[in-house]
Amino acid sequence: MTLRPFLLTAALALMGPAHADTLIHAGRLLDAEQGQVLEQMSIVVKDKRIAEVKAGYLDPKGYAGYHDLKAYTVMPGFIDMHVHVTGEQSPTSYSEGFFLNPADVALRSTVYLKRTLDAGFTTVRDLGDADGVAISLRNAISKGYVVGPRIFASGLAIGTTGGHADPTNGYNNALRGDPGPAMGVVNGADEARKAVRQRYKEGADLIKITGTGGVLSLAKSGLNPQFMDDEVKAIVETAKDYGFAVAVHAHGKEGMLRAVKAGVDSIEHGTYMDDEVMAAMKQRGTWYVPTISAGKFVAEKAMTDGYFPEVVRPKAATIGVLIQNTFARAYKAGVKIAFGTDTGVGPHGSNAREFVYMVEAGMPAMAAIQSATVNAAQLLRQDQDLGSIKVGKFADIVAVRGDPLKDIRLLVQIGFVMKDGAVVKP
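Owing to the predicted nature of the structure, the values given are computational and were not obtained by experimental measurement.

A. Quick peek at the overall build of the protein. In terms of regular secondary structure, the protein is built from 14 helices and 16 strands. Taking 2.2 N^0.38 as the reference for a compact globule, 426 residues should give roughly 22 Å; the C-alpha atoms of the protein span a radius of gyration of 23 Å, in line with that estimate. Reported as C-alpha extents along the three principal axes, the dimensions of the protein are approximately 90 × 45 × 45 Å. The buried share of the protein, reckoned over its 426 residues, is 55%. A sequence separation of at least 24 residues applies to 70% of the contacts in the protein between residues at least 6 apart. Just so you have it, the protein exposes about 18200 Å², and 53% of that area is on carbon and sulfur atoms.

Next comes the structure, spelled out in structure tokens:
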């Protein structure tokens, strides 16, 4: 008789709590799909995914985990569609490749990744690195070896000889050589196809090409078109065969038009986008990823002597200041916009400043948040799993005390981050 209560207690202890799930009480829940805010909601998380979303506050008793966010606005984890996780711009950026091994770059990147995740960005799209480091980091994160956001990586960007993605720009003659498709440098449609297939072989998730000159490359022009029509067409057609989306770095108009007409998925930066380009993008459903943050960063640093090489400095001063105005016109024109910062140009972890710049330029706070959630998930082709707090999707959840729809600057100080159902910033 005296043994029975003990056995019952022991059995209950072995069984654990009534629910193995985690319960979140959200004072305000941002419904990114509908563009509305729901009050006093409960979210149940099970096995990395959202199991229930219910009105009212469920009783927390019996749940394995409980998070009281009644004073917070709860949102889907943010998605940054344009980052470079393996570096961070500085006066030594152009020489560090001669001194750092890929392992050094990868280990340093783990710090950048943690900052990004703590800032509320649970997913990022890396648009260009070297030595396959971003792809290796993607794999390490997915296996739980490294803490960081979910990564979708392009691997090496594809450019043309002397173009923005040619890694030998600015080298002396002995070092310059003639890099080919394996190094992301192509000339002609056949080499363009080979470069796409090489990215597939290396395990990339998407294709990134540099359709025009760029700001930070050691080359004179930041605007000129750098692919012929047949080259862009070959890339897009081959990418489709392999299930790749194609993102295009572009500042100048003609390079953008060639890319949009070829059927690419997104234009990145888009500095000199005009009405003709916008109309073409709307007609073909092309997304725009603005990267205002990078423009502001390079324009500011161009004022500092010695920060950039002299061939870069005038481009940074001229192009950087224009992106926010381009974004404002594109938003008013109805171009589809997905959130992207080009972080790695500016400091990692500062990604949320982009929200502030977007709202400054006239985008409502709700639309800015949607650009980093449902819109970004759609461009990423991951909207079945990401972008909203909905039953069946991954439990990527962030929260901030207060109302970011009234003060978007609150998003710069995210107070709670959950990724795949695990709290990484309590």
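What follows picks up the thread again.
B. Expanded view of the packing of aromatic side chains. Using the criterion set out here, one finds 9 aromatic pairs in the structure. Consider the rings of Y307 and F308, whose centres lie 5.1 Å apart with planes at 85°: the pair is edge-to-face. A relative accessible area of 11% places Y307 in the buried class. Relative accessible area serves as the criterion here: at 3%, F308 is assigned to the buried category. Ring-pair connections join several aromatic residues into one group, and the members of that group are F78, F121, F339 and F355. Lying over the aromatic face of F394, R49 brings its terminal NZ or CZ to 4.0 Å of the ring centre. The cationic tip of R150 hangs over the ring face of F394; the distance from NZ or CZ to the ring centre is 4.9 Å.

C. Molecular detail of the sheet that holds strand β12 (residues 266–269). In space, the 4 strands of this open sheet follow the order β10-β11-β12-β13, with parallel pairing throughout. Strands at the two margins of the open sheet, each flanked by one partner only, are β10 (207–210) and β13 (287–289). Neighbour to neighbour, the strand axes of the sheet diverge by 25° on average, direction disregarded. Pairing analysis gives 4 bridges linking β10 to strand β11 (residues 246–250), with the strands arranged parallel.

D. A look at helix α8 (residues 275–284). Along α8, the residues classified as buried are V277, M278, A280 and M281. Buried residues of α8 fall within an arc of 160° about the axis and therefore sit on the same side. In α8, the exposed positions angled more than 90 degrees off the buried face are occupied by D275 and Q283. Between the side-chain oxygen at the start of α8 and the backbone nitrogen of E276 there is a gap of 3.1 Å, and the oxygen is on D274.

E. Inspection of the confidence of the model for the protein at higher detail. Per-chain confidence: the protein averages 93 in pLDDT, with 96% of residues scoring 70 or above. Per-residue pLDDT stays below 50 along residues 1–17; that stretch engages in 2 contacts with residues further than four places along the chain or on separate chains.

F. Representation of the environment of L23 within the structure. Along the chain, the position of L23 falls in strand β1 (residues 19–31). Its relative accessible area of 0% is what places L23 among the buried residues. Apart from residues no more than four positions distant in its own chain, L23 is found in contact with S42, I43, V44, L58, D59, P60, Y63, G65, Y66 and H67.

G. Focus on the sheet that holds strand β6 (residues 121–126). Here 3 strands make up an open sheet; going across it, the order is β5-β6-β7 and the pairing parallel. The open sheet has two free edges, formed respectively by β5 (78–83) and β7 (150–153), since each of these has just one partner strand. If you compare each strand with its neighbour and ignore which way they point, the axes differ by 20° on average. Two strands pair when backbone bridges link them, and β6 and β7 are joined in this way by 4 bridges, in the parallel orientation. Within the sheet, the bridge partner assigned to V124 lies in β7 and is I151. The strands that helix α3 (residues 133–142) touches are β6 and β7; relative to β7, the one it contacts most, it runs at about 150°.

H. Focus on the pattern of salt bridges. Per the stated rule, a full pass over the model turns up 24 salt bridges. Put simply, E88 and R115 hold a salt bridge, and the shortest N to O gap is 3.4 Å. Here E88, found in the loop between β5 and α2 (102–118), pairs with R115, found in helix α2; they are 27 residues apart in sequence, far enough to count as distant. A relative accessible area of 37% means that R115 is categorised as partly exposed. Of the charged contacts, one joins E237 and K233 as a salt bridge, the two residues approaching to 4.0 Å between their closest N and O atoms.

I. Representation of helix α7 (residues 253–262) within the structure. With respect to burial, α7 is a largely interior element, 7 of its 10 residues being buried. In this fold, the buried residues of α7 make contact with α6 (229–241), β11, β12 and α8. Directly after α7, the chain includes G263, whose backbone phi takes a positive value near 100°.

J. How the structure looks around the packing of helix α5 (residues 189–202) against α6. Remark: α5 packs on α6, axes separated minimally by 8 Å, with the N-to-C direction vectors making an angle of 30°. The two elements α5 and α6 meet at a crossing, and its hand is right-handed. Of the residues in α6, those in contact with A189, A192, R193, V196 and R197 of α5 are D230, E231, A234, I235, T238 and A239. Split by residue class, the contact of α5 with α6 holds 6 nonpolar, 1 polar and 4 charged.

K. Fine view of the environment of V74. Take V74: it is sitting in strand β4 (residues 63–76). Residue class for V74 comes out buried when judged on its relative accessible area of 0%. Considered as a pair, V74 and R108 are 34 residues apart in the sequence and their alpha carbons are 31 Å apart. Ignoring anything within four residues of it in the chain, the contact list for V74 reads A26, R28, L29, L30, I43, L69, I389, I397, V398 and A399.

Rules and cut-offs
Residues numbered from 1 in each chain as written. Predicted model: local features only at pLDDT ≥ 70, side-chain atom pairs only at ≥ 80, totals over all residues. Heavy atoms only, no water. Helix = DSSP H or I, 4+ residues; strand = E, 2+ residues; numbered from the N terminus. Rg over C-alpha atoms; globule rule 2.2 N^0.38 Å. Buried < 20%, exposed > 50% of the residue type's maximum accessible area, 1.4 Å probe, protein only. Contact = heavy atoms within 4.5 Å. Areas by Shrake-Rupley, 256 points an atom, 1.4 Å probe, with all protein chains shown as cover. Phe/Tyr/Trp six-rings, centres within 6.5 Å; stacked < 30°, edge-to-face > 60°. Lys NZ or Arg CZ within 6 Å of the ring centre and 35° of its normal. Pairing = 2+ DSSP bridges. Axes fitted to C-alpha atoms, helices over the stretch in contact; angles between N-to-C directions. Arc of directions from axis to C-beta. Polar contact = N/O pair within 3.5 Å; in protein donor to acceptor, adjacent residues only side chain to side chain. pLDDT = per-residue confidence, 0-100. Salt bridge = Lys/Arg side-chain N within 4 Å of Asp/Glu carboxyl O. Left-handed = near helix turned anticlockwise from the far one by under 90°. Nonpolar A, V, L, I, M, F, W, Y, C, P; charged D, E, K, R; others polar.

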